[in-house]
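A structural walkthrough
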Amino acid sequence: MSMMIKRDLSAALGLCVILLLSSANQQPVSAQSGGDGKAGDNGKTWQAVAPGVVEPRSGEVKIAAPVVGRVSAVMVKTNDRVSVDDPLICLDDEGARARVASAQAQAAMREKARNEKSAGKAASRRNAEDAVAEAEAALIDARNSFDNAVRARRTGNGSDPTVSAARSAWIRAQDNLERERAQLRKVEAQSGTPLPTQLEGQLNIARSDLRVAIAELEKLTIRAPIAGTVLKVDVRSGEVAAPSLPQPLLLLGDLSHLRVRAELDEHNTGKINVGDAVTVRAEAFRGQTFRGQVAAVAPLVQPARLAAPGSRNLTDFNVNEVIVDLNEPGPLIAGMKVDVYFESK
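Fair warning: this is a prediction, and the values are worked out from it, not measured in the lab.

Examining the sheet that holds strand 12 (residues 290-303)
Strand order in the closed barrel made by the six strands is 1-10-13-12-11-14, with antiparallel pairing throughout. Strand-to-strand twist in this sheet, taken as the mean axis angle between neighbours without regard to direction, amounts to 40°. Sheet topology places strand 10 (residues 258-265) next to strand 13 (residues 318-326); seven bridges connect them, and they run antiparallel. Residue pairing across strands places Ala262 opposite Val322, the latter belonging to strand 13.

Re the confidence of the model for the protein
Here the protein shows a mean pLDDT of 86. Residues at 70 or above account for 84%. In this model residues 11-39 is a low-confidence stretch, pLDDT under 50, and it forms 36 contacts with partners more than four residues away in sequence or in other chains.

A few points about helix 4 (residues 160-188)
The first and last C-alpha atoms of helix 4 sit 42 Å apart over 29 residues, in line with the 42 Å expected at 1.5 Å per residue. Within the sequence span of helix 4, burial applies to Val163, Ala166, Trp170, Ala173, Leu177, Leu184 and Val187. Tucked inside the fold, the buried residues of helix 4 contact helix 3 (123-154) and strand 6 (221-223).

Let's talk about the packing of helix 2 (residues 94-115) against helix 3
In the contact formed by helix 2 and helix 3, the axes pass within 13 Å of each other and the chain directions differ by 160°. Regarding the angle of helix 2 to helix 3, the classification is roughly antiparallel. Helix 3 is crossed by helix 2, and the crossing has left-handed handedness. Across the interface between the two elements, Glu111, Arg114 and Asn115 from helix 2 touch Arg126, Glu129 and Asp130 from helix 3.

Topic: the pairing of strand 1 (residues 46-56)
Counting buried residues in strand 1 gives 11 out of 11 residues, a clear majority hidden from the surface. Two elements, strand 1 and strand 14 (residues 337-343), share seven bridges in a ladder whose sense is antiparallel. Within the sheet, the bridge partner assigned to Pro51 lies in strand 14 and is Asp339. Relative to strand 10, strand 1 runs antiparallel, the two being bridged by five bridges. Bridge pairing in strand 10 links Glu55 to Arg259.

Regarding the packing of aromatic side chains
Overall, the coordinates contain two aromatic pairs when judged by the stated rule. When the ring of Trp46 is compared with that of Tyr341, the centres are 5.0 Å apart and the planes differ by 55°; the resulting orientation is tilted. Of this pair, Trp46 sits in strand 1 while Tyr341 sits in strand 14; the two residues are 295 residues apart in sequence, bridging distant segments of the chain. A relative accessible area of 15% places Tyr341 in the buried class. Consider the rings of Phe146 and Trp170, whose centres lie 5.1 Å apart with planes at 35°: the pair is tilted.

Digging into unusual backbone geometry
The phi dihedral of Asn79 is positive, around 80°, even though this residue is not glycine. Here Asn79 is to be found in the loop between strand 3 (69-74) and strand 4 (81-82). Look at Asp85: it is not a glycine, yet its phi comes out positive at around 75°. Along the chain, Asp85 turns up in the loop between strand 4 and strand 5 (87-91). For Asp85, a relative accessible area of 30% puts it in the partly exposed group.

Looking at the environment of Leu255
For Leu255, the location among the structural elements is in the loop between strand 9 (250-253) and strand 10. A relative accessible area of 35% places Leu255 in the partly exposed class. For the pair Leu255 and Leu231, spaced 24 residues apart in sequence, the C-alpha to C-alpha distance is 9.4 Å. Not counting residues within four places of it along the chain, the set of residues in contact with Leu255 comprises Pro56, Thr229, Leu231 and Ala334.

Brief notes about the sheet that holds strand 2 (residues 61-63)
What the four strands build is an open sheet, ordered 2-9-7-4; its pairing is antiparallel. Looking along the sheet, the strands with just one partner apiece sit at the ends: strand 2 and strand 4.

The rules behind these values
Residues numbered from 1 in each chain as written. Predicted model: local features only at pLDDT ≥ 70, side-chain atom pairs only at ≥ 80, totals over all residues. Heavy atoms only, no water. Pairing = 2+ DSSP bridges. Helix = DSSP H or I, 4+ residues; strand = E, 2+ residues; numbered from the N terminus. Axes fitted to C-alpha atoms, helices over the stretch in contact; angles between N-to-C directions. pLDDT = per-residue confidence, 0-100. Contact = heavy atoms within 4.5 Å. Expected span 1.5 Å × (residues − 1). Buried < 20%, exposed > 50% of the residue type's maximum accessible area, 1.4 Å probe, protein only. Parallel < 35°, antiparallel > 145°, perpendicular 65-115°, else oblique. Left-handed = near helix turned anticlockwise from the far one by under 90°. Phe/Tyr/Trp six-rings, centres within 6.5 Å; stacked < 30°, edge-to-face > 60°.

Right, dumping it as C-alpha cells:
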C-alpha cells in the first residue's frame, strides 16, 4: 500500500511540475503578445502587447559637466523652456578668465612688436590674420552679450526681443568669423606669399594660446544642446560637478511631441512593421486609449528592462525596442508606464 501511495504522490508531483513549467513557458508570450488572434476590447485582436514608457520625442537628454568644477550658478529650473545654446549652468571661471586675460595681453604685446616691422609682400596675409583675430574677439563679445540677455530675461529684467536680437548678433558674428577664416586660407594658398617672420610666428603662437584659453573658458558655461523643456534639475550652486558623476546635472526633453519606447518580445518581432497602428493604454487613465503608429523597430535584441503588461514585474526575456509616435498624447506625460497594443492587420 505504501508503495502505491508513493507512486501516486510521485505522479501527482510530476504533473504539477509539468503544469508549472508549461505556465512559465507561456507567461512571456501571453504577457507580451496577448496570444495571436486574441480578442481585445470591442472584438479587436492584437498582434502583440508590450510594456512601454512615454518619453519626449528627443528622448531624455542628459546634461553633464565637460570638466570638473564648482557650480557657481544654476540658471534654469524644472519646466523652464530653453532654446539651443541657452546657458544652463555656470561653473566657477575665475581662474579661466585670468588665463584669458593673460593670453590677451601676450597677444597684444606680440602684435605691437610685429607692427613695428614692415609687412612687405606679406601685407595681405597680415591683414587677413588680423581680420580673423578681430572677428574672434567680436564673437566673444556677441556671445557674452547673448548670455547676459538670457540671464536678464530669466531674472525678469530682460525680454524675449532682446534675447532674439542678441542671438542674431551672435549668429552674424559666427558667420563673419567663418568668412574671415576662409579669406585667410585663400591668401595663404596664393603663390608667392612669403613665410612668416619670427615676429609674425610669435604672434601666431600667442593668438593660438589665446584661442585655447577662450575654449577652456567656454567649457565652464554648460549650454542647451537642443530646444526643449527642463525635465529635472539635480544640481545646486556650490556643488562640485564632474564628467564622471553617475547622475546627470539636468535632464532636457522636447515635449512638443511625445512618443512611447516599447519593449517587444523577440518572438513577436517579425509581426510588427514600421507604420503599423497601435493603441496605447495607461493605468493612470483607465478607460482611455491613445492612438499611434510604429515609427521604428530596433535591429537589436537585448534583455528586458520594463515589466510585462498586467504583472508589472520584470521577467527574464529578450526584447526589441519599438518606437511609437503618438497622434494625440492627451494627458500622458513623460516617464509614464503604458501598455502598447499592436493591432492585427
